[in-house]
4 protein chains.
Amino acid sequence: MSTAQSEKRSQSQRREATRGAILQACKEIMAEEDFINSKTGTIAKRAGVAEGTVFLHFENKQGLLRALVDDFFVTMHCNISEIHQAHSCPKERLKAMAQDYIEQLEAQWPLARLVVSSHARYGDELTQQSLRCHNRRYTQFFLDALDEIKQQEVDCDIPSQVFRDALFGGIEHFAIANFNTGKSHDSQQFLDQLWQLLFQGILSRESSAIKKNSIEHKLDKIIKKLDA
Amino acid sequence: MSTAQSEKRSQSQRREATRGAILQACKEIMAEEDFINSKTGTIAKRAGVAEGTVFLHFENKQGLLRALVDDFFVTMHCNISEIHQAHSCPKERLKAMAQDYIEQLEAQWPLARLVVSSHARYGDELTQQSLRCHNRRYTQFFLDALDEIKQQEVDCDIPSQVFRDALFGGIEHFAIANFNTGKSHDSQQFLDQLWQLLFQGILSRESSAIKKNSIEHKLDKIIKKLDA
Amino acid sequence: MSTAQSEKRSQSQRREATRGAILQACKEIMAEEDFINSKTGTIAKRAGVAEGTVFLHFENKQGLLRALVDDFFVTMHCNISEIHQAHSCPKERLKAMAQDYIEQLEAQWPLARLVVSSHARYGDELTQQSLRCHNRRYTQFFLDALDEIKQQEVDCDIPSQVFRDALFGGIEHFAIANFNTGKSHDSQQFLDQLWQLLFQGILSRESSAIKKNSIEHKLDKIIKKLDA
Amino acid sequence: MSTAQSEKRSQSQRREATRGAILQACKEIMAEEDFINSKTGTIAKRAGVAEGTVFLHFENKQGLLRALVDDFFVTMHCNISEIHQAHSCPKERLKAMAQDYIEQLEAQWPLARLVVSSHARYGDELTQQSLRCHNRRYTQFFLDALDEIKQQEVDCDIPSQVFRDALFGGIEHFAIANFNTGKSHDSQQFLDQLWQLLFQGILSRESSAIKKNSIEHKLDKIIKKLDA
DNA sequence: AATGAATGAGCATTCATTCAT
DNA sequence: CATGAATGAATGCTCATTCAT
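Owing to the predicted nature of the structure, the values given are computational and were not obtained by experimental measurement.

Chemist: Which residues make up the overall build of chain A, and what are the values?
Modeler: On a plain count of helices and strands, chain A comes out with 10 helices and zero strands. Burial analysis of chain A (228 residues in total) assigns 31% to the buried set. The long-range share in chain A, meaning contacts at least 24 apart out of those at least 6 apart in sequence, stands at 64%.

Next up, the structure:
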């Protein structure tokens, strides 16, 4: 390998390292302050680079935000694609995707918060658009799974959108209430309970099953008597 | 009425009118820009007053935000109290409260958006605190109704918090997706469907369909036997 | 007395009372904040009048300051005139005037501070001019007394201005160091010591008197011996 | 010298130059207006930099004031330390220090005015504290010299504080009266006269004149007798 | 005469962005 | 590529002053 090439590589590696340091610093700062309240100066200092360097790697502050969001969705899409391929059963797949969603939300909350409150107008039109686009692509995996489920099941007259709102809304409401503060919480348990709620309703299936069983029991009695 | 008194009244009326104009202007501006991106100068201009006047009526920009939030919750609490007294059946009450919530959200969306994204750090500590307090009081009405429902029903093992997250989260997710843009939507229908989802579960149809089939099968049997 | 007249009097009395209340409030506020840092709003509130009323009695904030300074000098001039007439001995008169000066400074310090730091440009040109004029008139009494003293005494080649600087400067330096804070101090004692310093110098007269006496004593001895 | 180093040096040199330009501009502006009445915008314009640059070099307007005061005292302390070491005789030392004080006051009057009117509440608590601290350190040199003098002389019953008040007060009173305006004056002469006043008292001439007369009278007697 | 709501010019300070080195 | 000093438009807020009532 020629020196020129190795230099090039090491230079582009260094460049990438700097870029990464800035992104990382930005995430850290955002865990403490909001994106709007975070200053490019603070981010640069935390990243150990000069203030001007930030603008060498990102067009402007919004570009930094966009890169952050893109990075976030790279992980998200990567995960969800894997899950998509791993599960043929749509119901299991849906659960696994939801599970990954809540886990990623927790793991990257400072950043994820931005995505969750996408309606708050942090970014310029370009950033918002990019965010919406990512969101739609990501959500589509869920809607697809739902449609598959509905095709298998009969008589499900609840639109996928409503389910989606309840699922994502529920998870995000939980996230906001618990991840912001250091409050102790059990995300896994929450998801299981939310699942039960969304799939069986607030009134546990058992009770209506019991009632139905007793009806069947009586019917069986009648049949027997009629047989007799 | 003496002149002094009438003067006092008319002056305080004018004062109140100015205050109202500023609040109204702020709401309008916020429908176009975010709170953070709205400038006191713009608000004043829209309200038709001098910039200094804003600070005559509100301690600072945050105070304006706080007043806006307080105003919002005055309506919300007023409504929910009425509903609370009008419905003895907790299930009906809960539905009515949810209905009012989604209606108010739509009617005052620019302002409501602030409340919904309470986790975004718009405000100073004081504002956030006030918001959290209002939120808790408001949500309590829902949790109370839920608890009453759960006492009446048997075997409900889903915690109220989970239901609350799914209910508020679902509604807010719907609101964010639809109220922000001028997209056409039917909030009433959405709520009915969400209700069905939360109370019966997405798959309720299926399991009861299966059961129905077996019951119908048995009834058919009986009819046949009676025919015989 | 006609009703119209009594009304007029009572009205002008009320007017004067309001004016006085504002001046008094201003003095009080200035004891806490500086003149520049005192706000017309605060002064009005303390005086128990509306903010606009201040400008009914004084052309502007500077006018208020000027009135305050004028009031201060009315007292000062009044006192010094009395003292001037009461003492025919210029030395006693000077001491009495200095005594009154330090007493008034202490009694009205918040206000007097303004006069003392007349070089700080608090006021507009008009106010400064008025202040300088008052100061000159007041100081003149001291210079006159000094000149009288110097005419009586022989061989005093220190200009009155220098004495004036040391006297006023000394007193004011003491005032600044002690009246600003609540530090305990004895103004009377200070003045006596300053007097001694200014009239006899730092090296007490006694000691040089003793030395001179010893010289005279030796001279006397020589005379005796010569006589013998 | 490597390029990096020379760059660093030249950059930090430029930085220092900018800082100096701002300080200089501030001094100049203060010669025309008071500190309070001087605007950061005006200072920046005079310094030939952008307004924001001022805040790059100083925390805020108060910080600029503090830097100015610190700079002033650096010179003052430097001078007084030299003088302290140069004179073993406390009386000569005291005179030299006073001489330097009045010279510096005149040379840097616009700035010195701030220090002299330290009781006027220009600055925030931090600035005032720093000023008081500098003042105390500076004055201590004078008090020390005074104490030495008093140990050498007998019967000096005037407290050092009183002398200090008269000395500094006198000088400052003179400065205020003469340096503010372009009035012609002779600081050296003033100081000599003040010295005479403080060390011998205004009436020294008189009492010693009387004594001198009696001594002369006696000497005349002796001469006559010797003649006889 | 008194009120107090309204004014608006003015100010210190911030911070994303640029550019000479 | 990287630096960091410099920029300057933009903003929230102040407060002496005015004026309709």
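Anyway, onward from the coordinates.
Chemist: Which residues make up the protein's contact with DNA strand F, and what values go with them?
Modeler: Near DNA strand F, the surroundings consist of 38 residues, among which R15, A50 and G52 of chain A, N60 of chain C together with G52 of chain D are the closest. Broken down by class, the residue content of the surface near DNA strand F amounts to eight nonpolar, 17 polar and 13 charged.

Chemist: Outline the domain arrangement of chain A, supporting the account with residue identities and numerical values.
Modeler: Residue and element names in this part refer to chain A. Splitting chain A by domain gives domain 1 (1–57) and domain 2 (60–203). Centre-to-centre, using C-alpha coordinates, domain 1 lies 29 Å away from domain 2. Elements supplying a minimum of two residues to the side of domain 1 that touches domain 2: α1 (3–32) and α3 (51–57). Looking at which element gives the most residues to the side of domain 1 that touches domain 2, the answer is α1, with five residues. Classifying every residue of the side of domain 1 that touches domain 2 by side-chain character gives eight nonpolar, one polar and one charged.

Chemist: So, the protein's contact with DNA strand E: which residues are in play, and what are the values?
Modeler: Around DNA strand E there are 37 residues in total, and N60 of chain A, T18 and G52 of chain B together with A50 and G52 of chain C lie nearest to it. Residues that form the surface near DNA strand E fall into these classes: eight nonpolar, 16 polar and 13 charged.

Chemist: Residues and numbers for the nonpolar core, please.
Modeler: With 107 residues, the main nonpolar core has L198 of chain C together with A166 of chain D as its most contacted residues. The dominant element in this core, judged by the number of residues it contributes, is helix α8 (residues 160–179) of chain D, at 11 residues. Among residues more than four places away in sequence, those in contact with A166 of chain D are A166, G170, L194, L197 and L198 of chain C together with L198 of chain D. Grouped together as the second largest cluster of nonpolar side chains are 105 residues, L146 and I149 of chain A together with L105 and A175 of chain B included.

Chemist: Account for the environment of N135 of chain D, with residues named and values stated.
Modeler: With respect to the helices, strands and loops of the structure, N135 of chain D is situated in helix α7 (residues 125–152). In this structure the C-alpha to C-alpha distance between N135 of chain D and V116 of chain D, which are 19 residues apart in sequence, comes to 9.6 Å.

Chemist: Can you tell me about the environment of G20 of chain B, naming the residues and giving the values?
Modeler: Checked against the element boundaries, G20 of chain B lands in helix α1 (residues 3–32). Note on G20 of chain B: 13 C-beta atoms within 10 Å, which makes it partly exposed.

Chemist: Describe the packing of helix α5 (residues 90–107) of chain C against helix α7 (residues 125–152) of chain C, listing the residues and the values that go with them.
Modeler: Between two packed helices, both the angle of their axes relative to each other and the distance between the axes serve to describe the pair. Residue and element names in this part refer to chain C. The contact between α5 and α7 brings their axes to 8 Å, and the two run at 155 degrees. Classified by the angle their axes make, α5 and α7 are roughly antiparallel. Between α5 and α7 lies a crossing of left-handed hand. Counted together, P90, K91, R93, L94 and M97 of α5 and F141, F142, A145, L146, E148 and I149 of α7 form the full contact between these two elements. Across the contact of α5 with α7, the residue classes break down as eight nonpolar, no polar and three charged.

Chemist: Could you give me a rundown of helix α5 (residues 90–107) of chain D, with the residues and numbers involved?
Modeler: Residues and elements named next belong to chain D. Counted at 1.5 Å a residue, the expected span for α5 with its 18 residues is 26 Å, and the 25 Å between its end C-alpha atoms agrees. Listed as buried for α5 are R93, L94, M97, A98, Y101, I102 and L105. For α5, the arc enclosing every buried residue in end-on projection is 165 degrees, short of the 170-degree limit, so these residues lie on one face.

Chemist: Could you give an account of the environment of D192 of chain B, with specific residues and numbers?
Modeler: One can find D192 of chain B in helix α9 (residues 187–200). Along the primary structure D192 of chain B and I83 of chain B are separated by 109 residues, whereas in three dimensions their C-alpha atoms are 18 Å apart.

Chemist: I'd love a proper account of the packing of helix α8 (residues 160–179) of chain A against α9 of chain B, names of residues and values included.
Modeler: Contact geometry of α8 of chain A with α9 of chain B gives a least axis separation of 10 Å together with a crossing angle of 65 degrees. When the interaxial angle is binned, α8 of chain A and α9 of chain B end up roughly perpendicular. Both α8 of chain A and α9 of chain B take part in a crossing whose hand is right-handed. On α9 of chain B, the residues that touch V162, F163 and A166 of chain A of α8 of chain A are F190, Q193, L194, L197 and L198 of chain B. Tallied by class, residues from the contact of α8 of chain A with α9 of chain B come to seven nonpolar, one polar and no charged.

Rules behind the numbers
Residues numbered from 1 in each chain as written. Chains lettered and ligands numbered in written order. Predicted model: local features only at pLDDT ≥ 70, side-chain atom pairs only at ≥ 80, totals over all residues. Helix = DSSP H or I, 4+ residues; strand = E, 2+ residues; numbered from the N terminus. Buried ≥ 20, exposed ≤ 12 C-beta atoms within 10 Å, placed from the backbone. Contact = placed C-beta atoms within 7 Å. Near = placed C-beta within 6 Å. Nonpolar A, V, L, I, M, F, W, Y, C, P; charged D, E, K, R; others polar. Domains from an automatic or database assignment. Core = buried A, V, L, I, M, F, W, Y, C linked by C-beta atoms within 7 Å. Axes fitted to C-alpha atoms, helices over the stretch in contact; angles between N-to-C directions. Parallel < 35°, antiparallel > 145°, perpendicular 65-115°, else oblique. Left-handed = near helix turned anticlockwise from the far one by under 90°. Expected span 1.5 Å × (residues − 1). Arc of directions from axis to C-beta.

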